There are 2 protein chains.
Amino acid sequence: MVTIKRIAELCGVSRGTVDRALNGRGRVNPDTAAAIHEMAEKLGYEPNPAGKALAARKHKPIVGVVIYSEGNPFFDEVLRGMEDAAKEYKIYGFQVVHHRMKGYSVEKQLTLLEEIQGGINALIISPINDPLIAKKLNEMVDAGIFVVTVNNDLEGTKRHSYVGSDYFNGGVTACALLQVLIGDIAQIGIVLGDRHVFGHALRLKGFQYRMQGVSKFQIVDIIEHEDDDFLAYDLTRQLFRNHPEVNAIASLAAGVYGICRAVMQLPAEKRPVVIAFDSVPTTVEMMEQGIIKAIIYQHPYRQGHLALDLAFNYLVKGHFPDCRAYILKNEIKLIENL
Amino acid sequence: MVTIKRIAELCGVSRGTVDRALNGRGRVNPDTAAAIHEMAEKLGYEPNPAGKALAARKHKPIVGVVIYSEGNPFFDEVLRGMEDAAKEYKIYGFQVVHHRMKGYSVEKQLTLLEEIQGGINALIISPINDPLIAKKLNEMVDAGIFVVTVNNDLEGTKRHSYVGSDYFNGGVTACALLQVLIGDIAQIGIVLGDRHVFGHALRLKGFQYRMQGVSKFQIVDIIEHEDDDFLAYDLTRQLFRNHPEVNAIASLAAGVYGICRAVMQLPAEKRPVVIAFDSVPTTVEMMEQGIIKAIIYQHPYRQGHLALDLAFNYLVKGHFPDCRAYILKNEIKLIENL
DNA sequence: TTGTATGCGTTATCAA
DNA sequence: TTGATAACGCATACAA
């Protein structure tokens, strides 16, 4: 096993010098630094995380988590994954501070970021799609903060990595799943939160892409409910009035419970096949009642855990993420394998 | 953060004494030991894995892996998970030695275990269901070896934990999936390796249990192919000859490629709906060709990784597994979300 | 039965 | 610009 000590001996310098050279702390002769780097490279030096952790205990890196999670049960599991990871890493002097948000207010998220900016070493955020947020994230990266986006990405920013699901494939899978459930002929109502939300739009695109393979699938309407269950309820009822021929509902976002309550008002034989995303408690309840036939599941727990893993690996182990984006699989769940 | 040093100070003894008391190394006055234990309990002492790892570097714990993996592509992913975990833990002086086996010979596994018994600190094994193996595992546990069973459990032994899939639920899910794919009426051929293999039998049970909910599902035959693709091929062809009414095939074990090759000989309009387990390369190929409609997936990579995690947590961190069994979910995969 | 000293690999401080 | 030294938490050989 190759250590700083070994490198120091081989290069004929002290461990302190090797440390400074390898970690770019300055105050070291460029020539010796080059020699040290070369030697480390040659021997395949990998810093020992145990030693690092032990020595870093006075540092106590702080991770800020900013998620618009209030009232959004999807994030409960994401947060549980983060908490489990945090517990695991606490021993390394690793602190996680949560900042939950209610809505999608750009100003609120922005001021929150400004508030915590000075006190964190890493940021895990589900960012709102807005140029101001993007700019702020870039600013924080420049200030040396390790930034991971979760569940929603801001491409084109300097964020170090992204953890989330594959939205386009989610739409593709939803369409394929519907075909499996209903056969080759369907009059489909699509329900989502907002066509301008990145993830929703991408799922819709995926759905439409996959629909090209099924000539007798027709989208009769696309409803936008702003992630509000009651609006979803009203609009879905309206959909059934305007389009009694609808025999399939694809819910691509939240608002699932509202949709289902509207479906339940139809007589059993007229109810469409319903599929949805995410196994939040109300959705599970609707599966148990047979209203929803199948869902697509996006490993929320693992999303949360993985995001914190990345921060830990960077801050404690000094490991840069392997990928710029960690995209988890879409899974299909029936009530039987929930 | 509470450390051995702190406990030593508070108890008015030396760190060495605390270490001996807490780790049961003997040579310590029962009274002081009791006081130390009490203090540790009160303060919620958790040994720091970084310190432990650092101090234990001379020990180099060795993990032996015994898996009948040769010629069984399912285990390729399991092994990949193990290898990734091993790479991650190598820095802690953690060594993994693989022992692949070809068949299911009890004697071979037994002699292999005897060979390696003396040289390992932990054992990860997919054990053959046999009293002799069970006895040997108990013996190894008694000798202080940490034992984890993978993919196949030996209940009633002293093994510390099990990592694998939920076989009964896999069968339940397979039946539900078939219903989704084909509707409420089906003449089903069940194909498995050996009715006496624990996992296969349990899946069959699960399938039959779920069938109670579908009055017009009928099992016309149950084929056993001993995990041999060519035997599977012959027997499946025979099935089609004897039962031309078969419109669904549920493959509950290996031999998938043989089954599919038999299916491909039927004219397209007479081909049954086929479902299978595990996304091994030949199975994926058959999905791409449309022969298999859907599969059930059991997170093989995670099984392998998790098994090694448990060994690492025990040997390096001193953490006993939280559960006596880690049962991963069955997932449903269409070609779209593979 | 108990305490002391040393080392594991890394980082930080201080002196040279 | 460098090197020596102490510290992090734990384990252990050895001394008392």
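Definitions and cut-offs
- Residues numbered from 1 in each chain as written.
- Chains lettered and ligands numbered in written order.
- Predicted model: local features only at pLDDT ≥ 70, side-chain atom pairs only at ≥ 80, totals over all residues.
- Heavy atoms only, no water.
- Core = buried A, V, L, I, M, F, W, Y, C linked by side-chain atoms within 4.5 Å.
- Buried < 20%, exposed > 50% of the residue type's maximum accessible area, 1.4 Å probe, protein only.
- Contact = heavy atoms within 4.5 Å.
- Helix = DSSP H or I, 4+ residues; strand = E, 2+ residues; numbered from the N terminus.
- Near = heavy atom within 4 Å.
- Polar contact = N/O pair within 3.5 Å; in protein donor to acceptor, adjacent residues only side chain to side chain.
- Nonpolar A, V, L, I, M, F, W, Y, C, P; charged D, E, K, R; others polar.
- Buried area = accessible area lost by both parts, 1.4 Å probe.
- Salt bridge = Lys/Arg side-chain N within 4 Å of Asp/Glu carboxyl O.
- Least-squares fit on C-alpha atoms with pLDDT ≥ 70 in both.
- Pairing = 2+ DSSP bridges.
- Axes fitted to C-alpha atoms, helices over the stretch in contact; angles between N-to-C directions.
- Domains from an automatic or database assignment.
- Parallel < 35°, antiparallel > 145°, perpendicular 65-115°, else oblique.
- Left-handed = near helix turned anticlockwise from the far one by under 90°.

Draft legend 1. Representation of the nonpolar core in the model. A:Met82, A:Leu123, A:Ile124, B:Met82, B:Leu123 and B:Ile124 are the most contacted members of the largest nonpolar core, which totals 101 residues. In this structure A:Ile124 touches A:Val63, A:Gly64, A:Val65, A:Val66, A:Met82, A:Val148, A:Val150, A:Ala307, A:Leu308 and A:Ala311, once residues within four positions along its chain are discounted.

Draft legend 2. Quick peek at the environment of B:Ile188. Residue and element names in this part refer to chain B. Looking at the secondary structure, you find isoleucine 188 in strand S6 (residues 186–192). Assessed through its relative accessible area of 0%, isoleucine 188 is described here as buried. When the C-alpha atoms of isoleucine 188 and proline 61 are compared, they prove to be 50 Å apart, with 127 residues separating the residues in sequence. For isoleucine 188, the residues in contact, after removing those within four places along its chain, are Leu178, Phe207, Met211, Phe217, Gln218, Ile219, Val220, Asp221, Ala248 and Ala250.

Draft legend 3. Geometry of the protein's contact with DNA strand C. Close to DNA strand C lie 27 residues, the nearest being A:Ile4, A:Tyr45, A:His59, B:Arg20 and B:Asn29. Close to the protein, within 4 Å, the atoms of DNA strand C are drawn from sugar and phosphate at a rate of 68%. A:Asn23 is positioned with one of its side-chain polar atoms (N or O) 3.3 Å from a phosphate oxygen of DNA strand C. Mapped by element, the contributors of at least two residues to the surface near DNA strand C are helix H1 (4–11), helix H2 (15–22) and helix H4 (49–55) of chain A together with helix H2 (15–22) and helix H4 (49–55) of chain B. Counting residues per element, the surface near DNA strand C draws most heavily on H4(A), which supplies four residues. Broken down by class, the residue content of the surface near DNA strand C amounts to nine nonpolar, ten polar and eight charged.

Draft legend 4. Quick peek at the interface of chain B and chain A. Taken together, the contact pairs 34 residues of chain B with 34 residues of chain A. Contact between chain B and chain A buries roughly 2900 Å² in total, counting both sides, with carbon and sulfur atoms accounting for 61%. Counting across the chain B and chain A interface gives four salt bridges. Close ionic contact of A:Glu336 with B:Arg210 constitutes a salt bridge, the shortest N to O distance being 2.7 Å.

Draft legend 5. The arrangement of the relation of the copies chain B and chain A in detail. Expressed as a screw operation, the relation of chain B to chain A combines 0.0 Å of axial shift with a rotation of 180 degrees, fitting to an RMSD of 0.2 Å. Seen this way, the second copy is the image of the first under a two-fold rotation axis. Of the C-alpha atoms belonging to chain B, the one lying closest to the rotation axis is found on B:Ala50, 2.3 Å away.

Draft legend 6. Layout of the sheet that holds strand S1 (residues 62–67) of chain B. Residues and elements named next belong to chain B. Pairing is parallel in the open sheet, where six strands are placed in the order S2-S1-S3-S4-S5-S11. The sheet is open, and its two borders are formed by strand S2 (95–100) and strand S11 (325–328), each paired with just one other strand. The sheet shows a mean angle of 15 degrees between the axes of neighbouring strands, taken without regard to direction. Bridge analysis of strand S3 (residues 122–125) against strand S4 (residues 146–150) gives four bridges, and the strand direction is parallel. Looking across to S4, one finds that isoleucine 124 is bridged to valine 148.

Draft legend 7. The arrangement of the protein's contact with DNA strand D in detail. What surrounds DNA strand D is a group of 28 residues, the closest being A:Arg15, A:Arg20, A:Asn29, B:Asp19 and B:Tyr45. Close to the protein, within 4 Å, the atoms of DNA strand D are drawn from sugar and phosphate at a rate of 67%. At 3.4 Å from a phosphate oxygen of DNA strand D is found a side-chain nitrogen or oxygen belonging to B:Asn23. The separation between a phosphate oxygen of DNA strand D and a polar side-chain atom of B:Lys52 is 3.3 Å. For the surface near DNA strand D, the element with the highest residue contribution is H4(B), accounting for four residues. Looking at the surface near DNA strand D residue by residue, the class counts come to nine nonpolar, ten polar and nine charged.

Draft legend 8. Fine view of the domain arrangement of chain A. All names here are of chain A. Segmenting chain A into domains produces domain 1 (4–43), domain 2 (49–164 + 300–328) and domain 3 (167–297). Spacing between the C-alpha centres of domain 2 and domain 3 amounts to 31 Å. Both faces combined, the contact of domain 2 with domain 3 buries some 650 Å², and carbon together with sulfur accounts for 56% of it. Considering only the surface of domain 2 that becomes buried against domain 3, Pro73, Phe74 and Pro300 emerge as the three largest contributors, covering 42% of it. In this structure, the connection of domain 2 to domain 3 is made through zero salt bridges. Taken together, the links from domain 2 to domain 3 amount to two residue pairs in polar contact (both at pLDDT 80 or more).

Draft legend 9. Structural view of the packing of helix H11 (residues 256–264) of chain A against helix H12 (residues 281–288) of chain A. Residue and element names in this part refer to chain A. In contact at an axis separation of 9 Å, H11 and H12 are set at 25 degrees when each is read in the N-to-C sense. The orientation of H11 relative to H12 falls into the category roughly parallel. You can see that H11 and H12 cross each other, and the crossing is left-handed. Contacts between H11 and H12 involve Val256, Tyr257, Cys260 and Met264 from the former and Thr282, Thr283, Glu285 and Met286 from the latter. Tallied by class, the residues present in the contact of H11 with H12 amount to five nonpolar, two polar and one charged.

Draft legend 10. Looking closely at unusual backbone geometry. We note that A:His299 has phi near 50 degrees; this positive angle belongs to a residue other than glycine. Within the secondary structure, A:His299 sits in the loop between strand S10 (292–297) and helix H13 (300–315).

Draft legend 11. Representation of the pattern of salt bridges within the structure. All names here are of chain B. A full pass over the atoms with the stated rule returns 22 salt bridges over all chains. Among the ionic pairs, arginine 25 bridges to aspartate 19, the shortest N-O distance being 3.1 Å. A relative accessible area of 48% places arginine 25 in the partly exposed class. Among the ionic pairs, lysine 136 bridges to glutamate 114, the shortest N-O distance being 3.4 Å. Within this pair, whereas lysine 136 is found in helix H7 (residues 131–142), its partner glutamate 114 is found in helix H6 (residues 106–117), the two being separated by 22 residues in sequence. When its relative accessible area of 4% is taken as the criterion, lysine 136 is described as buried. Glutamate 114 gets classed as partly exposed once you look at its relative accessible area, which sits at 47%.

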